[in-house]
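Commentary on secondary and tertiary structure
Given next are the chains, with one letter for each unit.
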Amino acid sequence: MKAADYVDVQFGAIDRRIFWDPAIYERELEQIFARSWLFVAHESQVAEPGAFVTTYMGQDSVIVARGDSGAINVFLNSCPHRGNRVCFADSGQSRAFTCNYHGWAFGLDGGLKKMPKMGLYKSTPGFRMEDWGLKAARVAEYKGLVFATFDPDAPSLDDYLGDFRWYLDAVLDAEEGGTEFLPGGATRSVMNCNWKFPADNFVGDIYHALWTHLGGAEPTLGRHGGVIVDNEGSYQVSVNGHGWEFNDSFLGNAATMGDRELLRYMKSRQDKIAARLGDFRMKMWGSVASATVFPNFSFLPGYFTFRTFQPKGPTKTEIHAWTLVPKTMPDDIKDRFRRGSMRTFSPSGMLEMDDGENWEHSTSANAGFVTRNQKLCYAMAPVAEQVEEGLPGHVTRGQLSDANQRYFYKRWAEFMDAKSWSDIPLAPRTRVPEAAE
Ligand code: FES
Ligand SMILES: [Fe+2]
C-alpha cells in the first residue's frame, strides 16, 4: 500500500494507522527525517568557535559545533569505533570531542584526530584517519536558523523552504540586527503522542484554540479572545508542506501572556516593523498564529516559542522549546518574553498542557484494534486554490479550514512514496534571493 492511500487529501480523511504503526514510523525515519532539512540550532546557541549543542535529526543524535573557521558543523554523535555516544552534554564549549570508551578524539568538524595506540591503526593497510570521522551532514542557515540534512541529493535549503522564507521573515527579520534564542537552553518534555499530532496542530489547527484553550484565554482576552473568531482576517498559507495560519491581529497571541508592559513595547515597534516588512507581515508578528516548517519544527508568533517535535517512536515525542527574540530588544522586555512564554507554552504553561493531553489521548486511543482501523476527519471546508495578490504559496483566506493540514499530509505522502528527491515537487521560488549554503 502506498502512503498516498492513507491520506485522502482531496476530501480530508486520514487513516489512523499513520499515527501508531511501527512499520510506518520506521519508514518515516528513512523517507522523511533522513531526507529533509531539519532545524538543529539557532546560530546564537553556537556563537563562538568551540561552542556546541547536541540535538536529534530524527532519532539520530547529532552534535552541532562551531569550528575554528567560524563555520557551523553538524555530525553524528556516535563513535565509529564501537558506536558509543561521544558527547553527553546538552551544550558547552570544547576543543574536541573524546569518546569515553577507548579515547578516540574528534575535532570540531567531526574529523578523527587521534586515538590511543594510533600507530597500530596506521600500520593496517588501507586504514585512513579521514575515513573514520563522525559522519557529517550538510548545513545551511536561513537568517539565524541552522538546518542540516544527511541527504546529499536534497535540494538547497533555499529551495526546500522556498517562498515560505517570505513569511518566516515576519519573525526572523522584523527588527534590524537579527534574532537570538534566549540563553539558558531548551525546555524539554516528553509526550506520549505521535510526532505528527503536534506538527499538524501547529501547521493549521486554529480551530482547537476556540475550545481547548478557551479556559486559559478567557481570563486574559475575554470570551473567544475577540480576535480568534475574526474570519475575515484569517489566513492559512502553505508552501512545500510548510504552513502558517494566522489572524491579522498584530497582538493576538502576545495578548494572552497577560503582560501590559510587554504589549506596550510591542505596540511601540509597530510602525518600524511595518516600514521594514510592510503592513501585512507586520500584523503577523504577534498575531493569533502558529506555524510548522515540515516536518517537525514549529513556532508561535507572539509568544515567540520555537520548538522541535523529536520523534522517539510511533507513540512518543520529545519537545525541545526555546524563546526567540530580536537581539536589539531591551533586556527587560526579553525577560518578560521569557516569563510570558513559560507561563503559556512550556511543560507547565497553562496553554501547552491542554494541547499535550489531547495529543496523548488521540494517540493512545489507537491501542484499540477497532479504533485504529477508523479514519480521522480533516474535511473542514473545501480547499480552495486561491490566488491572493502579493501572497506566495497556497492561500486560504477568510475561513477556518483544514487546508494547511491537508497540504501537510499531502507532503508527508509525497516524501513517504518518493524513490528520490526527483519525485518530490518543489514550488518555484519567487520571493527571496538565493543564500549561500
Ligand atoms: S567506542 Fe569510541 S573509542 Fe571505542
Ligand atoms: Fe494549542
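**Some details on the sheet that holds strand β12 (residues 145-149)**
The sheet built from three strands is open, its strands ordered β3-β12-β11 with antiparallel pairing. At either end of the open sheet lies a strand with only one pairing partner, and these are β3 (38-42) and β11 (138-142). Averaged over neighbouring strand pairs, the angle between their axes works out to 35° when direction is ignored.

**What to know about the environment of Glu414**
One can find Glu414 in helix α13 (residues 403-417). The class for Glu414 is partly exposed, based on 18 C-beta atoms found within 10 Å. With 173 residues separating them in the primary sequence, Glu414 and Gly241 have C-alpha atoms 9.8 Å apart. Beyond its immediate stretch of four places on either side in the chain, Glu414 contacts Ile424 and Pro425.

**Thoughts on the domain arrangement of the protein**
The assigned domain composition of the protein is domain 1 (38-140) and domain 2 (164-423). Facing the ten residues of domain 1 at the interface are twelve residues of domain 2. For the side of domain 1 that touches domain 2, the residue count by class is two nonpolar, seven polar and one charged.

**So, the packing of helix α8 (residues 260-277) against helix α10 (residues 331-344)**
The interhelical angle for the contact between α8 and α10, taken along N-to-C directions, is 125°, at an axis separation of 10 Å. Regarding the angle of α8 to α10, the classification is oblique. The element α8 and its partner α10 pack so that their crossing is left-handed. Residue-level inspection shows Glu261, Leu262 and Tyr265 of α8 in contact with α10, the latter providing Ile333, Arg336, Phe337 and Gly340. Residue classes in the contact of α8 with α10 are distributed as four nonpolar, one polar and two charged.

**Here's the deal with the nonpolar core**
Counting residues in hydrophobic clusters, the biggest one holds 110 residues, and the most contacted among them are Val40, Val64 and Phe147. Excluding anything up to four places from it in sequence, Val64 contacts Val40, Ala41, Val46, Phe52, Val53, Thr55, Ile72, Val74 and Val146.

**Focus on the environment of Met380**
For Met380, the position within the fold is in the loop between β21 (375-377) and β22 (394-397). For Met380, a count of 17 C-beta atoms within 10 Å gives the class partly exposed. Spatially, the C-alpha atom of Met380 lies 29 Å from that of Gly313, the residues being 67 residues apart in sequence. If near-sequence neighbours (up to four positions away) are discounted, Met380 is found in contact with Tyr207, Leu400, Ser401 and Asp402.

**A few points about helix α5 (residues 196-204)**
Most of α5 sits out of view: nine of its nine residues are buried. Of the positions making up α5, those classed as buried are Lys196, Phe197, Pro198, Ala199, Asp200, Asn201, Phe202, Val203 and Gly204.

**So, the sheet that holds strand β10 (residues 112-114)**
In a beta sheet, neighbouring strands are held together by backbone hydrogen bonds and run either parallel or antiparallel to one another. In spatial order, the strands read β8-β9-β10; together these three strands make up an open sheet with antiparallel pairing. Taken across any chain shown, the strands that pair with only one partner, and hence form the sheet edges, are β8 (97-98) and β10.

**With respect to unusual backbone geometry**
A cis amide bond links Phe294 with the next residue in sequence, Pro295, at an omega value of 5°. Secondary-structure assignment places Pro295 in the loop between β17 (288-293) and β18 (297-300). At Lys117, a residue that is not glycine, the phi angle is positive and equals roughly 60°. Within the secondary structure layout, Lys117 lies in the loop between β10 and α2 (118-122). The exposure class assigned to Lys117 is exposed, which follows from the 9 C-beta atoms found within 10 Å.

**A closer look at the environment of Glu30**
By the secondary structure assignment, Glu30 is in helix α1 (residues 22-33). Taking the number of C-beta atoms within 10 Å as the measure of exposure, Glu30 has 12 and is therefore exposed. On a C-alpha basis, the gap between Glu30 and Met416 in space is 8.6 Å, while along the polypeptide they are 386 residues apart.

**Observations regarding helix α11 (residues 352-364)**
Between its first and last C-alpha, α11 extends 18 Å over 13 residues, near the 18 Å set by a 1.5 Å rise per residue. Among the residues of α11, Glu352, Asp355, Gly356, Trp359 and Thr363 are the ones counted as buried. Angularly, the buried residues of α11 cover 100° about the axis, an arc narrow enough to put them on a single face. If you follow the buried residues of α11, they end up packed against β14 (187-191) and α5.

The rules behind these values
Residues numbered from 1 in each chain as written. Chains lettered and ligands numbered in written order. Predicted model: local features only at pLDDT ≥ 70, side-chain atom pairs only at ≥ 80, totals over all residues. Pairing = 2+ DSSP bridges. Helix = DSSP H or I, 4+ residues; strand = E, 2+ residues; numbered from the N terminus. Axes fitted to C-alpha atoms, helices over the stretch in contact; angles between N-to-C directions. Buried ≥ 20, exposed ≤ 12 C-beta atoms within 10 Å, placed from the backbone. Contact = placed C-beta atoms within 7 Å. Domains from an automatic or database assignment. Nonpolar A, V, L, I, M, F, W, Y, C, P; charged D, E, K, R; others polar. Parallel < 35°, antiparallel > 145°, perpendicular 65-115°, else oblique. Left-handed = near helix turned anticlockwise from the far one by under 90°. Core = buried A, V, L, I, M, F, W, Y, C linked by C-beta atoms within 7 Å. Expected span 1.5 Å × (residues − 1). Arc of directions from axis to C-beta.

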